[in-house]
Amino acid sequence: MSDLLEIVRARHSAREPFDPQLPISRQDLEKILEAARWAPTAHNMQNFEIVVVDDQQRLQAIGSIGSQVSETFLRENYLQMSFSEEELLNKKTGVLASMFPASWRKPDATPDAAIEILHSFLGDALQQSTLLLVVIYDATQRAPASEGDVLGMMSLGCVMENMWLMAQSLGIGCQILSTFSTAGVEGQVGAILNIPPPMKIAFACRFGFLASKPAKYLRVRRDIDDFVHHNRFGNRGFD
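Residues numbered from 1 in each chain as written. Predicted model: local features only at pLDDT ≥ 70, side-chain atom pairs only at ≥ 80, totals over all residues. Heavy atoms only, no water.

S.K.: Any chance you could explain the packing of helix 2 (residues 26-37) against helix 8 (residues 150-169) here in plain terms?
M.R.: The geometry of helix 2 relative to helix 8 is characterised by a closest axis approach of 8 Å and an angle of 150° between their N-to-C directions. For the element pair helix 2 and helix 8, the recorded crossing hand is right-handed. When helix 2 is examined against helix 8, the residues K31, I32, A35 and A36 are found in contact with a partner set consisting of V159, N162, M163, M166 and A167. Across the contact of helix 2 with helix 8, the residue classes tally to 7 nonpolar, 1 polar and 1 charged. (Axes fitted to C-alpha atoms, helices over the stretch in contact; angles between N-to-C directions. Helix = DSSP H or I, 4+ residues; strand = E, 2+ residues; numbered from the N terminus. Left-handed = near helix turned anticlockwise from the far one by under 90°. Contact = heavy atoms within 4.5 Å. Nonpolar A, V, L, I, M, F, W, Y, C, P; charged D, E, K, R; others polar.)

Structure follows, in structure tokens:
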């Protein structure tokens, strides 16, 4: 297994199609699920279930679901964009505008202008995918004294990260699909997968071996001294 920090640095979102001729083995799937099993959760509640979807008919049914984007997402997503690599390198946070459709790269973008892109989003994301893991949780439960179940959401994030890093260590691509938790999509996916209330979808992950080399794009992170404060806030770094 590669060095852990190497795996952390190499982890990325695989947006490309996966090779249908290279399905994920049962052994590798079990390793990913074992990583999820040992994720830290608040109060050891383990408030999650995972639906493994590898049936092509169900994958196609999910892929045919139309998705929409909100004005809030478009507006706040625009604020995170950089319009050149130089700008992104200076900011050290956010994303390149070129990663998004042209209709999303405007401060006054509307859902009507972006809707044609999202109608095919799930279909594109699940194109040639052979494995989808849908992570759900009981919405009636919460970590003790955790307002809004913040600790429960952190726990689900730990499940996500554990699975993602294990997949990365196995050479398996992973893409998180947060749109599964949006109201319109969640209900339709829930019906296809027979997910009963009060269970809710936290997120889904598509896994697979890339059909081609991943597209290269600029990845940036803040330097350690940009976010570390030594002994008191404002005392940057370790000096």
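On we go from here.
S.K.: What should I look at first to understand the sheet that holds strand 4 (residues 131-138) in this one?
M.R.: One key point about sheets: their strands pair by backbone hydrogen bonds, in either a parallel or an antiparallel sense. Sheet architecture is open: 4 strands sit in the order 1-4-6-5, paired in antiparallel fashion. Pairing within the sheet leaves two strands with one partner each, and these edge strands are strand 1 (49-53) and strand 5 (173-177). Across the sheet, the mean angle from the axis of one strand to that of its neighbour is 25°, orientation sign disregarded. In this sheet, strand 6 (residues 199-208) lies alongside strand 5 in antiparallel orientation, the contact comprising 5 bridges. Looking at strand 6, one finds that I176 is bridged to C205. Contacting strand 1, strand 4, strand 5 and strand 6, helix 8 runs over the sheet at an angle of about 10° to strand 6. (Pairing = 2+ DSSP bridges.)

S.K.: Can you help me understand unusual backbone geometry in this one?
M.R.: Most peptide bonds take the trans configuration, and most residues that are not glycine carry a negative phi. Between P197 and P198 the backbone carries a cis peptide bond, its omega angle lying at 5°. If you trace the backbone, P198 turns up in the loop between helix 9 (183-193) and strand 6. Positive phi outside glycine occurs at D149, with the angle close to 55°. On the secondary structure map, D149 appears in the loop between strand 4 and helix 8. Phi is positive for N231, close to 70°, though the residue is something other than glycine. With respect to the element layout, N231 can be found in the segment after helix 10 (224-227).

S.K.: What am I meant to see in empty space enclosed by the protein here?
M.R.: In this structure the tally under the stated criterion is 1 cavity of 30 Å³ or more. The space that makes up the largest cavity amounts to roughly 110 Å³. Around the largest cavity, the lining is made up of 14 residues, and of these M45, N47, D149, G152 and S155 lie nearest the centre. Its residues assigned to classes, the lining of the largest cavity comprises 7 nonpolar, 5 polar and 2 charged. (1 Å grid on protein atoms, 1.4 Å probe; cavity = no way out; pocket = protein on both sides within 12 Å on 5 of 7 lines; lining within 4 Å. Points joined across faces, edges and corners; volume = space filled by probe spheres on them.)

S.K.: So what exactly am I meant to see when it comes to helix 8 here?
M.R.: For an α-helix, 3.6 residues make a turn, and residues three or four places apart therefore share a direction. In this model, helix 8 (20 residues) spans 29 Å end to end at C-alpha, consistent with the 28 Å of a helix rising 1.5 Å per residue. Turning to helix 8, its buried residues are G152, S155, L156, V159, M160, M163, W164, L165, M166 and A167. On the buried face of helix 8, the contacting elements are helix 1 (4-10), helix 2, strand 1, strand 4, strand 5 and strand 6. Positioned one or two residues after helix 8, G171 has a phi angle of 75°, which is positive. (Expected span 1.5 Å × (residues − 1). Buried < 20%, exposed > 50% of the residue type's maximum accessible area, 1.4 Å probe, protein only.)

S.K.: Help me understand the layout of surface pockets in this model?
M.R.: Left-over empty space is what a probe sized like a water molecule reveals as it rolls over the atoms. When its volume is computed, the largest pocket comes out at roughly 1600 Å³. Along the walls of the largest pocket sit 45 residues, with S13, R15, F100, Q175 and I176 positioned nearest its centre.

S.K.: Would you explain the pattern of salt bridges in this entry?
M.R.: Any two side chains of opposite charge can pair, on the condition that their charged atoms come close. A complete count under the given rule lists 6 salt bridges for this structure. Of the charged contacts in the structure, one is a salt bridge between K91 and E87, with a shortest N-O distance of 3.3 Å. Taken together, the positions of K91 and E87, both in helix 5 (residues 85-91) and 4 residues apart, correspond to about one turn of that helix. Residue E87 is classed as partly exposed on the basis of its relative accessible area of 27%. (Salt bridge = Lys/Arg side-chain N within 4 Å of Asp/Glu carboxyl O.)

S.K.: Could you clarify how one ought to interpret the nonpolar core in this entry?
M.R.: Generally speaking, nonpolar side chains in soluble globular proteins are found buried as a group. Counting residues in hydrophobic clusters, the biggest one holds 24 residues, and the most contacted among them are I32, L133, L156, M163, F203 and F207. Counting residues per element, the ones that place at least two in this core are helix 2, strand 4, helix 8 and strand 6. With 7 residues, the top contributor of residues to this core is helix 8. Not counting residues up to four positions away in its chain, the partners in contact with L156 are N47, F48, V135, Y137, A202 and F203. (Core = buried A, V, L, I, M, F, W, Y, C linked by side-chain atoms within 4.5 Å.)

S.K.: Even after reading the chapter, I still don't get the state of the cysteines, so can you show me in this structure?
M.R.: Applying the stated criterion to the full structure yields 0 disulfides. Take C174: it sits in no disulfide, and the sulfur closest to it among the cysteines is that of C205, at 4.8 Å. (Disulfide = S-S within 2.5 Å.)

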